[in-house]
Amino acid sequence: MIPAEKEIIKAKNQVEKYVKQRISEFKNLKEKNLTTFNFRPFVDIDPYDADIFSEACFCILTANSSAVMGIKIQKEVGINGFKKYPFEKLFEIIRKKGHRFAQQRAERIVRLREKEQFLLEISKEKDGKAAREKLVENIYGYGYKEASHFLRNIGFDDVGIIDRHISRFLFEKGLVKPRKTITKKVYLECEEALEKITSDLGLKLSELDLYIFYIKTGKVLK
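Residues numbered from 1 in each chain as written. Predicted model: local features only at pLDDT ≥ 70, side-chain atom pairs only at ≥ 80, totals over all residues. Heavy atoms only, no water.

(A) Summary view of the overall build of the chain. When helices and strands are tallied, the chain shows eleven helices and two strands. Each helix (α) and strand (β) of the chain, taken in turn from the N terminus, gives the series α-β-β-α-α-α-α-α-α-α-α-α-α. Radius of gyration (C-alpha) of the chain: 17 Å, near the 17 Å computed for a compact globule of 222 residues. Principal-axis analysis of the C-alpha atoms gives the chain an extent of 55 × 35 × 35 Å. Taking the contacts inside the chain whose residues are at least 6 apart along the sequence as the reference set, 61% of them involve residues at least 24 apart. When the accessible area of the chain is evaluated, it comes to approximately 10600 Å², of which 48% is carbon and sulfur surface. Looking at charge distribution, the chain has the averaged site of its 44 positive side-chain charges lying 3 Å from that of its 33 negative ones. (Helix = DSSP H or I, 4+ residues; strand = E, 2+ residues; numbered from the N terminus. Rg over C-alpha atoms; globule rule 2.2 N^0.38 Å. Contact = heavy atoms within 4.5 Å. Areas by Shrake-Rupley, 256 points an atom, 1.4 Å probe, with all protein chains shown as cover. Lys, Arg positive; Asp, Glu negative; His and termini not counted. Charge placed at Lys NZ, Arg CZ, Asp CG, Glu CD.)

(B) Representation of the nonpolar core within the structure. Core analysis: the biggest nonpolar cluster contains 36 residues, and Leu-119, Leu-135, Tyr-142, Phe-150 and Leu-151 have the highest contact counts within it. Counting residues per element, the ones that place at least two in this core are helix 2 (52-62), helix 3 (67-84), helix 4 (87-96), helix 5 (102-112), helix 6 (116-122), helix 7 (128-138) and helix 8 (144-153). The element that contributes the greatest number of residues to this core is helix 2, accounting for eight residues. Dropping the residues within four chain positions of it, Phe-150 is found in contact with Ile-52, Glu-55, Ala-56, Cys-59, Leu-119, Ile-122, Leu-135 and Tyr-142. Grouped together as the second largest cluster of nonpolar side chains are 30 residues, Val-19, Leu-170, Val-186 and Leu-194 included. (Core = buried A, V, L, I, M, F, W, Y, C linked by side-chain atoms within 4.5 Å. Buried < 20%, exposed > 50% of the residue type's maximum accessible area, 1.4 Å probe, protein only.)

(C) Broad picture of the state of the cysteines. Overall, the coordinates contain zero disulfides when judged by the stated rule. Note on Cys-190: no disulfide assigned, nearest cysteine sulfur contributed by Cys-59 at a separation of 19 Å. (Disulfide = S-S within 2.5 Å.)

(D) Representation of helix 5. Every buried residue of helix 5 is accounted for by Ala-102, Arg-105, Ala-106, Arg-108, Ile-109 and Leu-112. Each buried residue of helix 5 lies within a common arc of 165° when the element is viewed along its axis, so the set occupies one face. Its buried side turned inward, helix 5 meets helix 2, helix 3, helix 4 and helix 6. (Arc of directions from axis to C-beta.)

(E) Highlighting the packing of helix 7 against helix 8. For the pair helix 7 and helix 8, the least separation of the axes is 9 Å and the interaxial angle reads 125°. Relative to helix 8, the element helix 7 is oriented oblique. Between helix 7 and helix 8 lies a crossing of right-handed hand. Where helix 7 approaches helix 8, its residues Gly-128, Ala-131, Arg-132, Glu-133, Leu-135 and Val-136 are matched on the opposing element by Tyr-144, Ala-147, Ser-148, Phe-150 and Leu-151. (Axes fitted to C-alpha atoms, helices over the stretch in contact; angles between N-to-C directions. Parallel < 35°, antiparallel > 145°, perpendicular 65-115°, else oblique. Left-handed = near helix turned anticlockwise from the far one by under 90°.)

Listed below in C-alpha cells is the structure:
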C-alpha cells in the first residue's frame, strides 16, 4: 500500500460518518431535486437549501474561488434568487461576499437560467463521464472541474473533481507529474490516478474527493 493510500485510510477512519452523510445528501438531491444540507461536524457554515439549479450556480461560483465562498453566496442568494434575481442584485450580493469575479459570475448565472431544463435532464443520465462532456459542451463557464463538481454534488459517483486541493495532493504524493496548468489531458491523467486509488481501497470517486479535501483542509464540505 502506497503512503497516499495510508493517509486516505487514516482520514476515512476519522470522518467516514460525515462523508457518508454528504454522499447521502447528494444522492437525495439527485432523486428528489431538493434537499437540505444540514450542519455537520467539520463544517463551519449554517444550513441552507439547495436544488439542482442552485448547485449548478454554486459550481460557477467556486471556479477560481473556493467551496466556502460558493457556499456563503449560495446561502445568501437562495434557490429563488438564483432563478429570479436581476443581474444587478446578484452582482451586488456576490461582490459584497468578496468574490474576485463578481460581475462575470453574475452574468454566467443569469445566462444559465436558459439551461435549467437541460440540467434536469442531465441529472437523469447514468454515465457521469458522458454527462460531463455534455455539460462542458453546453454550459458557458463550465470546464471539466466545474462539470465534475456539479455531477458529484447531484449524486454521480464516477467523475473526479481535480481542483487545486486534489491536484496538489496527487503532485505531492508523486502520483502525477506536477504541472502548472490543468489541461484536459492532465485532468484525465489525475482522474486516472484517483481511479487507481478507488480500486485499491474499495471507494468511489465521490467519496475519495471528500477524504482528500478533508486531508488538505480539515473540513468535509462539498
